[in-house]
Amino acid sequence: MEIRALVVDDSAIMRKLVMRSLVESKMALFLFTEAKDGQDAVSQFDVENTDMIFVDWNMPNMTGIEMVHEIRARQKRHVPIVMITTESTMARVEEALAAGGVDSYVIKPFTPDVVRQKVEPLLDKMAEAKKAGGSFFSKLAGKLS
Amino acid sequence: MHSDCVPEAVISVFAATCGTAVAPDPSSADEAFADSTVMAVISLVGEVEWTLFLDLPAPSACLLAAKFAGFEIPFDSADMGDAIGELANILAGDIKARLDSRGVRADLSLPSVLRGEHVNLVLQKGLPRNKWLFACPAGKIRAGIVAGRQVLGAKG
């Protein structure tokens, strides 16, 4: 399975750590695009070709949650978004999860195993949706819009 | 007492991020910080007003950043600022979570990172402050807080 992932973090080191964890988890063949903040992510978001987004919460210019709102407004199909966060923003991430803006989260510091636990269910759903002709995430996107 | 969150968080965060056992250094010898250091500064503002700093001598910074990132990071590179800023961000997040659990709310700023020789925070006189020195196999670590409105150690 090939996944085109957009990795959004103002820290280049954290982007590398996220990408390395995803590669080491061997869940899929990940093809990465990097963005240095929410604004950069919105401009790099490819409506047709971005499969999944990994985003930090606390960033300059446009925060992670502001980016989530922008992406949700632009998407044509539901793109799973995984928030990468510290303990400090957990309450707000849980609110975002409950509201459906965010699909999952990973707390820093993380290991490839933790990333796998959080991301694999999303990949399974994507695979099921592909088999069923894109129904799961299309329906989810319909519900959210 | 809330300032005790800081040393607890330092020990926990460096174990989790760098796999390093960090212990308080009773010697209080600061000579390791006399030369090149990298210092990250973050504010926690809300029911406390703290400026948190994390200060690492160059040898400690290089070893800990490499353990955190999984690859060598030269002291003079942009990646070093990124790595230490991120470690400070995770540390501040851990402190915030500890304050939250005591019913004390605070928000975090983004980290700022300074690198150089003889780096010192020049602070307004009379502000309550506390600093802690730690030792680990990578070398020394110094962390501290300077309080604004609220006196260190006061109940939330």
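Residues numbered from 1 in each chain as written. Chains lettered and ligands numbered in written order. Predicted model: local features only at pLDDT ≥ 70, side-chain atom pairs only at ≥ 80, totals over all residues. Heavy atoms only, no water.

J.: Just to check I follow, could you spell out the overall build of chain B for this structure?
T.: Across its full length, chain B holds three helices and seven strands. From first element to last, N terminus to C terminus, chain B shows the α and β order α-β-β-β-α-α-β-β-β-β. Taking 2.2 N^0.38 as the reference for a compact globule, 156 residues should give roughly 15 Å; the C-alpha atoms of chain B span a radius of gyration of 15 Å, in line with that estimate. By principal-axis analysis of the C-alpha atoms, chain B measures approximately 40 × 30 × 30 Å. Residue burial in chain B is summarised as follows: out of 156 residues, 51% are buried. For chain B, the proportion of contacts with a sequence separation of at least 24, taken over those separated by at least 6, is 69%. In the structure as shown, chain B presents an accessible area of about 6800 Å², 55% of it carried by carbon and sulfur atoms. Chain B carries 13 positive and 18 negative side-chain charges, and their two centres are separated by 8 Å. (Helix = DSSP H or I, 4+ residues; strand = E, 2+ residues; numbered from the N terminus. Rg over C-alpha atoms; globule rule 2.2 N^0.38 Å. Buried < 20%, exposed > 50% of the residue type's maximum accessible area, 1.4 Å probe, protein only. Contact = heavy atoms within 4.5 Å. Areas by Shrake-Rupley, 256 points an atom, 1.4 Å probe, with all protein chains shown as cover. Lys, Arg positive; Asp, Glu negative; His and termini not counted. Charge placed at Lys NZ, Arg CZ, Asp CG, Glu CD.)

J.: Looking at this structure, I do not really get the sheet that holds strand S1 (residues 2-8) of chain A. What am I missing?
T.: The strands making up a sheet are joined through hydrogen bonds of the backbone, oriented either antiparallel or parallel. Residue and element names in this part refer to chain A. With parallel pairing, five strands are arranged side by side in an open sheet as S2-S1-S3-S4-S5. At either margin of the open sheet sits one strand with a lone partner, and together these are strand S2 (29-35) and strand S5 (104-107). Neighbour-to-neighbour, the strand axes of the sheet open up by a mean angle of 20°, direction not taken into account. Relative to strand S3 (residues 52-56), S1 is paired through four bridges, and the arrangement is parallel. Bridging across to S3, valine 7 finds its partner in phenylalanine 54. Helix H1 (residues 12-25) rests against S1, S2, S3 and strand S4 (81-85) of the sheet, and its axis sits at about 170° to S2. In the packing of helix H5 (residues 112-131) onto the sheet, the strands contacted are S1, S2, S3, S4 and S5, and the crossing angle to S5 comes to about 165°. (Pairing = 2+ DSSP bridges. Axes fitted to C-alpha atoms, helices over the stretch in contact; angles between N-to-C directions.)

J.: What am I meant to see in helix H2 (residues 58-69) of chain B here?
T.: An α-helix turns once every 3.6 residues. As a result, residues three or four positions apart point the same way. For H2 of chain B, built from twelve residues, the straight-helix expectation of 16 Å at 1.5 Å per residue is met to within 8% by its first-to-last C-alpha distance of 16 Å. Once H2 of chain B ends, the next one or two residues include glycine 70 of chain B, with phi positive near 90°. (Expected span 1.5 Å × (residues − 1).)

None of this, on its own, says anything about what the molecule does.
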